[in-house]
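# Structural characterization, general
Okay, here's what each chain looks like letter by letter:
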Amino acid sequence: MKLIQTTDAEGAVLCHDITRIIKGVSKDAVFRKGHIVTKEDIPVLLSAGKDQLYVWEKEEGMLHENDAAEILCALCRGSHMERSQAMEGKIELTASCDGLLKVDNQGLKAVNGFGQMMIASRHGNFAVKKGDRLAGTRIIPLMIEEERMRQAKECALRATGGRPILELKPFVHKKAGIITTGNEVFYGRIQDTFTPVIREKMREFGTEIIDYVTWNDDDKKVTASILDMVKKGADIVVCTGGMSVDPDDKTPLAIKNTGARVVSYGAPVLPGAMFLLAYLEVKEKGTSRTAAVMGLPGCVMYARRTIFDLILPRVMADDEVTPEELAALGQGGLCLDCPVCTFPNCGFGKGV
């Protein structure tokens, strides 16, 4: 490409979009890449602040910003994602269904470490709705070396094992059972205000509640109920209460005695430190499946966001949580209950 005076641009072919900003009215391209400038266009270009223009002059080994942006888009875009048209070196990805966004951090860092190009995404491991913006890619200069883009692509694919940097896992319809524990609820001394919270959070994912029971602090009854609910087809069993260290807090023992594989009892997130996550392998009619079993501490009943809000979307998308991933939640794991949420692990705040 070459730089010319706008007053001499009649007949030239633009090599990038020309954007005009009118405060409070619009920000959009008045001319697109490839437009042939006419005599009438020149005053419009000057009013957009373009006294000089870059016009096409083919240069070997260089890519236009929009062509390079297509490479970044291909590296990012997984299934269930829509893309925008390339404009000024930028392409945006949006969700085509409700689901859990996964981000390969190594692939993301591999690209962003190259310079002159960038990918910005939402936080991974959070629920997104159909139509939500997931990521934006951008080439910084108007032209970029083809070799640089080739190297960036190779590094990204090596970091991700050939997979896209972003993945959107659709939510799966789940059946759930809820077990409320505690002598105070079982004997009617207080009203159960915990279960309605769980029902509402699961309703957001279209979960079907197939069973609900209340027990006193008897771990054997809770163990039996977990196994019974799973036998009835529950994919998730949630146990509320009894998660602390008092002598009558027996929910962790009850979950362990089902034979479930405990990922962790305790999580580095506040509120939610006394959370328990386990997976129970179920064999039935020659097939097998995995049910998630969770023990929820009392904070889930009253706090706006807790560890439960971080784990539930993953369970709903059949995205198994590892002990290492749970441990990593410690960075950003302190919720300050901000009016506009900036909790890094939260993903519920405006602008996230």
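Just above sits the structure.
This report concerns the structure included in the present document. Computed from a predicted model, the values in this text were never measured in an experiment. (Residues numbered from 1 in each chain as written. Predicted model: local features only at pLDDT ≥ 70, side-chain atom pairs only at ≥ 80, totals over all residues. Heavy atoms only, no water.)

### Digging into the environment of Gly-131
Mapped onto the elements, Gly-131 comes out in the loop between β10 (126–128) and β11 (133–139). C-alpha separation for the pair Gly-131 and Gly-333, spaced 202 residues apart in sequence, amounts to 28 Å. (Helix = DSSP H or I, 4+ residues; strand = E, 2+ residues; numbered from the N terminus.)

### Here's the deal with helix α7 (residues 219–231)
Look at α7: 18 Å from first C-alpha to last across 13 residues, which is about the 18 Å you get at 1.5 Å a residue. Turning to α7, its buried residues are Asp-219, Val-222, Thr-223, Ser-225, Ile-226, Met-229 and Val-230. Buried residues of α7, seen end-on, are gathered within an arc of 165° and therefore sit on one face of the element. Exposed residues lying more than 90 degrees from the buried face of α7 are Lys-220 and Lys-231. On its buried face, α7 sits against β14 (175–181), β15 (208–215), β16 (236–240), α8 (251–256), β18 (276–284) and β19 (287–296). Where α7 begins, the capping side chain belongs to Asp-218, and its oxygen is found 3.0 Å from the backbone nitrogen of Lys-220. (Expected span 1.5 Å × (residues − 1). Buried < 20%, exposed > 50% of the residue type's maximum accessible area, 1.4 Å probe, protein only. Arc of directions from axis to C-beta. Contact = heavy atoms within 4.5 Å. Polar contact = N/O pair within 3.5 Å; in protein donor to acceptor, adjacent residues only side chain to side chain.)

### Considerations on the sheet that holds β19
For sheets, the rule is that strands pair by backbone hydrogen bonds, running either parallel or antiparallel. With mixed pairing, the six strands of this open sheet are ordered in space as β15-β14-β16-β19-β18-β17. If you trace the sheet from one side to the other, it starts and ends with β15 and β17 (261–265), each paired once. Sheet twist, expressed as the mean angle between neighbouring strand axes with direction ignored, is 15°. Sheet topology places β14 next to β16; five bridges connect them, and they run parallel. From the neighbouring strand, Ile-178 faces β16, where its bridge partner is Val-238. Here helix α10 (residues 307–316) sits on the sheet in contact with β16, β18 and β19, set at roughly 170° to β19. (Pairing = 2+ DSSP bridges. Axes fitted to C-alpha atoms, helices over the stretch in contact; angles between N-to-C directions.)

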